[in-house]
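Analysis of the macromolecular model
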Amino acid sequence: MNTPGISDSAFAVFDEQGTVVAWTPAAERLVGFAAGDVVGLSAALVLPSFGQAPSMAAFTEQCRAENGWAGTAAVTHREGRVIDVSLRITMLRGLNGATRWLTTLTDTGALSGDAASGTVWGPLLARAPIGVVLRDRQLRCVFANDVMEEHDGIPRDQRLGRRFVDVLAGAKAGALETVMRQVLKSGATKVHEYRTWLPVSRGREHPFAASFHCLQDAAGESLGVCVISADVVESRMARERLAAVGEASARLGTNLDVMQTSQELADLAVPLLADVVAVDLEQSVPFSEGPPARIDPSGAHPRVLRRTGLASTLPGAPESAWARGELVPVPPRSPFSAVLSTGTSHLEPILDVAPGLWVDHDPALAGRIRDNGAHSLMVVPIRARRALLGLVLFLRTTDLEPFQEVDLLLAEELVRRAAVALDNARQYAREHTAALTLQRNLLPRRLKGGMAVDTASRYQPADMDHGVGGDWFDVIPLSGARVALVVGDVVGHGLHAAATMGTLRAAVRTLADMELPPAELLHRLDDTVQRLVEEDTDAADQTPAVVGATCLYAVYDPATRACAMARAGHPPPAIVDPEGRVSFPELPTGAPLGIGLGDPFAEVEMVLPEGSLIALYSDGLIESRDDDIEEGMHRVAAALADPRRSLEELCTRATAGLPAHAPCDDVTLLLVRTRALRPAQVASWTLPCDESAVCRARRLAADQLTSWGLDGLEHSTRLLVSELVTNAVRHGAGPIDLRLIRHQALTCEVFDTGVCAPRLRTARGTDENGRGLFLVGQLSRRWGTRSAAEGKVVWAELDLAAAA
């Protein structure tokens, strides 16, 4: 029989001074040193220093005070490499108070193909009780530990100095001595095992496994036999439970939701480890509101946790005073506060719930613990990357077996694996929340269509598995009651895409303020994206991020009902006329932004009937895993082909038709319904390019304001018109057009054939000219210039509220 922890281990014996007095072939195989290399020398040759002990002798004193030592360590192979081992040092007592120390080393890397299981299986072996007996060449017992009495019921004082057959009658004792003589005679490095049923002190027979190891002296000769006895049932149960923990924890982390992962952890641990399990996280963790807490040894800051996972063998978890999602106070001077302060686990095999103890600090908790018969407790911290995420509470109520150290090790392993999943979920939720917040803050909170369009929009981020994308949309007021309509999509998801989207949205707004036509604006925007690509490429310390985007930009003029548009790799808009006929205009596609092809963007202009519907959207609305783009466009057209409905209803219909499964990309939809200015809201005149034009322009403007009832703006308007027309006469040629538009503001526009845009400059005290545009800026709320066919337009806006 091959019992893990017996046949897989190496053994050595050293005395009270830390000198190696016996070696085994298994130890030679593990560390490469033969018996002659180490016997008679300090064990520090292959064993590291432990704890705070300054020397091997000091460490043996520490082991004596603690009745041994168990844990994980690193030993040095003869070739110089370091081996991670599970290490146990067991104190053995002999005649006349003599003491020896048995060192058991188990290579954790060879225990299991699963490295994570190996790291916990080693400590499990190190803490599992084993019986140890050292026998001389005559098979007389010279040293033994206390556990051996629990295995065979023979007291140590009856065992020492005697052979096995002297203290235990029967054929089994003789058979075991036969195996021992074979080990002594062969001196082989093979570990001999013999399984037998031995009576135990609990009054019933119990299966144990015994292994026999040849002890060698400095000359490599057989010195005696080391007999190791282990409980087969406990070893098998520990391995089965570890395998169950490994199999169960493999299901952790399949999602990136903190609450769901916490509940999965609780569900996996019940009834595998406990009858009741509660997962309590720091308040900041479930909602990614800030960094998790650091371990605070002072405990000066009171903690409040949030219950994120709860499971019980009883329906409804009556043992818990708090439900999932509720805040859980941490009682002072309790195991919970101690775990949060030290970051180490707490094991209380027998839970003391006597009055006056820590449980009474919280009457609700005390009542639930006592009423449901909780008798054993474990509290394990959830730690990840030196941060404390929270803790897990394990309770036993109906299972009468108290928690042992083996249970704590299994619980710590399960929580350790869950901590990785929880930290990943927390980091993802934090980044996703930050990206979503950034994106929503960058998107317009209120669309202002003025008197040009009515607007409605929808934005649906992609599902949690794909993160946040870089979709954006905007409605930008322009001069002359016009509006710019824009929708775009940045490549990728997450914070980088959202940040890039913010950069491009700001760039579009800046370029729109320059009154650029759609094709030229996209050309400038393409340059911006290419510069972003170059900046990422120049950063030698980081991998260049993929930067690219698509965009559709349109300008609608309510005075002429003309809509000019151009696109850069973006889906075409949908146009719905007042009768409900849907069309997708033949608009040249253009290359996506940032590709660097250098091809010019083409612009298309069309005149739309008043009340037409323009739908701008991202590809997430028309693309899916199951449908192609043509089917998606047909679905959108069918949803929009009812102009009688409100824009909000149409938005809902268009997005409600999406496939039932989560979208793989953000969905963005901008709907606008065009409006037209009445003829009475626009007045225009053509003036000659001479000095008489200035006086006539002032008079025409004043008369028009009187007819509109805007006499309060007459003085400011006359001055504005005078300055603008004067500049047109001086710097232009050919006829001059003057137009007044009454919408949400009063716009004065002057067209001339000059191509040079006026520039504001600071005039010196002796200058006779140069103050006209300064005066225009002082009189208007804003002013600017834009190019036009065969010339330019200089405009200025006055606030209608000043007319009062």
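Not measured: the values here are computed from a predicted model. (Residues numbered from 1 in each chain as written. Predicted model: local features only at pLDDT ≥ 70, side-chain atom pairs only at ≥ 80, totals over all residues. Heavy atoms only, no water.)

1. Here we look at the nonpolar core
Worth spelling out the cut-off: The term nonpolar core refers to a set of buried residues drawn from Ala, Val, Leu, Ile, Met, Phe, Trp, Tyr and Cys, joined through side-chain atoms within 4.5 Å. Each residue gets one of three labels from its accessible area relative to the maximum for its type: buried under 20%, exposed over 50%, partly exposed in between, using a 1.4 Å probe on protein chains only. Contacts are residue-level and defined by heavy atoms, with any inter-residue pair within 4.5 Å sufficient.
Judged by nonpolar contacts, the single largest core of 50 residues is most densely connected at Trp472, Leu485, Leu522, Leu525, Tyr553, Leu593 and Ile614. Other than its neighbours up to four places away in sequence, Ile614 contacts Leu485, Cys563, Pro573, Ala574, Ile575, Leu608, Leu670, Leu671, Val672 and Thr674. Core analysis: the second largest hydrophobic core is formed by 33 residues, Ala274, Met378, Phe403 and Leu414 among them.

2. Some remarks on the pairing of strand 20 (residues 549-557)
Using the following cut-off: Secondary structure elements follow DSSP: runs of H or I no shorter than four residues count as helices, runs of E no shorter than two count as strands, and numbering proceeds from the N terminus. Two strands are counted as paired when DSSP detects at least two bridges linking them.
With respect to burial, strand 20 is a largely interior element, 9 of its 9 residues being buried. Covered by surrounding structure in strand 20 are Ala549, Cys551, Tyr553, Val555 and Asp557 together with Thr550, Leu552, Ala554 and Tyr556, the residues of both alternating faces. By the bridge criterion, 8 bridges tie strand 19 (residues 483-493) to strand 20 in an arrangement that is antiparallel. Along strand 20, the bridge assignment pairs Val490 with Ala549. As paired strands, strand 20 and strand 21 (residues 562-568) are joined by 7 bridges and run antiparallel to one another. Residue pairing across strands places Val555 opposite Ala564, the latter belonging to strand 21. Connecting strand 20 to the antiparallel partner strand 21 that follows it, the hairpin turn spans 4 residues, and Arg561 within it adopts a positive phi of roughly 60°.

3. Here we look at unusual backbone geometry
In this chain, Val270 is followed by Pro271 through a cis amide linkage whose omega measures 0°. Relative to the helices and strands, Pro271 is located in the loop between helix 10 (258-269) and strand 11 (276-282). Its identity as a non-glycine residue notwithstanding, Glu515 has a phi of 60°, on the positive side. Mapped onto the fold, Glu515 is located in the loop between helix 15 (494-513) and helix 16 (518-538). Under the relative-accessibility criterion, Glu515 is labelled buried at 8%. Even without glycine at this site, Arg561 takes up a positive phi of about 60°. The topology assignment puts Arg561 in the loop between strand 20 and strand 21. A relative accessible area of 31% places Arg561 in the partly exposed class.

4. Remarks on the pattern of salt bridges
Under the convention used in this document: Any carboxyl oxygen of Asp or Glu that lies within 4 Å of a side-chain nitrogen of Lys or Arg is treated as forming a salt bridge with it.
Within the structure shown, the criterion is met by 28 salt bridges. Across the pair Arg482 and Glu515 runs a salt bridge, and its minimum N-O distance is 2.3 Å. Of this pair, Arg482 sits in the loop between strand 18 (469-477) and strand 19 while Glu515 sits in the loop between helix 15 and helix 16, and the two are 33 residues apart along the sequence. As far as the burial class goes, Arg482 and Glu515 line up, both buried.

5. Comments concerning the sheet that holds strand 30 (residues 782-788)
Basically, it comes down to this: To get an axis, fit a line to the C-alpha atoms, keeping to the stretch in contact for a helix; angles then go from 0 to 180 degrees between the N-to-C directions.
Strand order in this open sheet of 5 strands is 27-28-29-31-30, and the pairing throughout is antiparallel. Each of the sheet's edge strands pairs with one partner strand only, and the pair in question is strand 27 (682-687) and strand 30. Going across the sheet, the axis of each strand differs from the next one's by a mean of 15°, ignoring polarity. Judged from the 7 bridges that link them, strand 30 and strand 31 (residues 791-799) form a sheet pairing that is antiparallel. Residue pairing across strands places Ser787 opposite Lys792, the latter belonging to strand 31. Along the sheet, helix 19 (residues 692-708) makes contact with strand 27, strand 28 (736-742) and strand 29 (745-752), crossing strand 27 at roughly 165°. Along the sheet, helix 20 (residues 714-731) makes contact with strand 28, strand 29 and strand 31, crossing strand 29 at roughly 15°.

6. Some details on helix 18 (residues 647-656)
Rules: Regarding the arc, it is the one traced by the directions from the helix axis to the C-beta atoms.
Along helix 18, the residues classified as buried are Leu647, Leu650, Cys651, Ala654 and Thr655. Angularly, the buried residues of helix 18 cover 125° about the axis, an arc narrow enough to put them on a single face.

7. Brief notes about the side chain of Asp489
Heads up, the condition is: In this tally, Asp and Glu contribute negative charge and Lys and Arg positive charge; neither His nor the terminal groups of the chain are included.
Along the chain, the position of Asp489 falls in strand 19. In this structure, Asp489 is buried with no salt-bridge partner, the nearest side chain bearing the opposite charge being Arg567 at 13 Å. Among residues more than four places away in sequence, those in contact with Asp489 are Gly470, Asp471, Trp472, Gly548, Ala549, Thr550, His570, Asp619 and Asp665.

8. Details of the sheet that holds strand 14 (residues 346-348)
The strand order across the open sheet built from 6 strands is 13-12-11-16-15-14, with neighbouring strands paired in antiparallel fashion. The outermost strands of the open sheet, each flanked by one partner alone, are strand 13 (327-329) and strand 14. Neighbour-to-neighbour, the strand axes of this sheet turn through a mean angle of 30°, independent of strand direction. In this structure, strand 14 lies alongside strand 15 (residues 376-384), joined through 3 bridges in antiparallel fashion. From the neighbouring strand, Leu347 faces strand 15, where its bridge partner is Met378. Contacting strand 11, strand 12 (304-312) and strand 16 (387-396), helix 10 crosses the sheet at an angle of about 45° to strand 12. Sheet strands in contact with helix 12 (residues 335-342) are strand 12, strand 14, strand 15 and strand 16, and its direction is about 25° off that of strand 15.

9. Details of the pairing of strand 21
Within strand 21, 7 of the 7 residues are buried, which leaves the element mostly enclosed by the surrounding structure. Here 4 bridges tie strand 21 to strand 24 (residues 604-607), and the two strands are oriented antiparallel to one another. Paired with Cys563 across the strands is Met606, a residue of strand 24.

10. Quick look at the environment of Val672
Locating Val672 in the fold gives a position in strand 26 (residues 667-674). Overall, the relative accessible area of 0% leaves Val672 in the buried class. Each C-alpha atom, one on Val672 and one on Ala456, is 6.6 Å from the other, the two residues being 216 residues apart in sequence.

11. Regarding the confidence of the model for the protein chain
Basically, it comes down to this: As a per-residue measure, pLDDT reflects the predictor's confidence and takes values from 0 up to 100.
Per-residue pLDDT for the protein chain averages 82, and the proportion of residues at 70 or more is 83%. In the predicted structure, residues 112-122 sits below a pLDDT of 50 and forms 23 contacts with residues beyond four places in sequence or in another chain. Confidence drops under a pLDDT of 50 for residues 199-203, and excluding neighbours within four residues, the segment shows 10 contacts in the predicted structure.

12. Quick word on a negative patch on the surface
Threshold: Within the patch definition used here, like charges are joined within 9 Å and nonpolar side chains (Val, Leu, Ile, Met, Phe, Trp, Tyr) within 5 Å, considering only residues with over 30% relative accessible area and no salt bridge. The accessible surface values rely on the Shrake-Rupley method and a 1.4 Å probe; as for residues, cover is taken only from the protein chains in view. The atoms used to mark charge sites are NZ of Lys, CZ of Arg, CG of Asp and CD of Glu.
On the surface, Asp627, Asp628, Glu630 and Glu631 cluster together to form a negatively charged patch. Looking at the element boundaries, Glu631 is found in helix 17 (residues 629-640).

13. Details of the environment of Asn145
Here is the rule: Whenever a nitrogen or oxygen atom comes within 3.5 Å of another N or O atom, the pair is scored as a polar contact, on the condition that within protein one atom can donate a hydrogen and the other can accept it, and that pairs from neighbouring residues in sequence are kept only if both atoms are in side chains.
When you line up the elements, Asn145 lands in the loop between strand 7 (141-144) and helix 5 (147-152). Overall, the relative accessible area of 6% leaves Asn145 in the buried class. Those residues in contact with Asn145 that sit more than four places away from it in its chain are Thr90, Met91, Leu92, Ile130, Gly131 and Val132. In terms of polar contacts, Asn145 uses its side chain to reach the backbone carbonyl oxygen of Ile130, at 2.9 Å. From its side chain, Asn145 meets the backbone nitrogen of Met148 in a polar contact 3.3 Å long.

14. A short note on the packing of helix 20 against helix 21 (residues 772-779)
Selection rule: Should an angle lie under 35 degrees it is considered roughly parallel, over 145 roughly antiparallel, and from 65 to 115 roughly perpendicular; all remaining angles are considered oblique. Rotating anticlockwise by less than a right angle from the far helix to the near helix defines a left-handed crossing, while the corresponding clockwise rotation defines a right-handed one. Asp, Glu, Lys and Arg are counted as charged, while Ala, Val, Leu, Ile, Met, Phe, Trp, Tyr, Cys and Pro are counted as nonpolar; the rest, among them Gly, fall into the polar class.
Two elements in contact, helix 20 and helix 21, have axes separated by 10 Å at closest approach and are oriented at 150°. Between helix 20 and helix 21, the angle is such that the two are roughly antiparallel. In the crossing of helix 20 with helix 21, the sense of the turn from one axis to the other is left-handed. Judged by residue contacts, Ser716, Leu719, Leu720, Glu723, Leu724 and Asn727 of helix 20 engage Gly772, Leu773, Leu775, Val776 and Leu779 from helix 21. A per-class count over the contact of helix 20 with helix 21 returns 7 nonpolar, 3 polar and 1 charged.

15. Digging into the packing of helix 17 against helix 18
Packing of helix 17 against helix 18 brings their axes to within 8 Å, and their N-to-C directions diverge by 150°. Here helix 17 is positioned roughly antiparallel relative to helix 18, judged by the angle of their axes. Where helix 17 crosses over helix 18, the handedness of that crossing is right-handed. Between helix 17 and helix 18, the contacting residues are Arg635, Ala638, Ala639 and Leu640 on the first element and Leu650, Arg653 and Ala654 on the second. Residue composition of the contact of helix 17 with helix 18, by class: 5 nonpolar, no polar and 2 charged.

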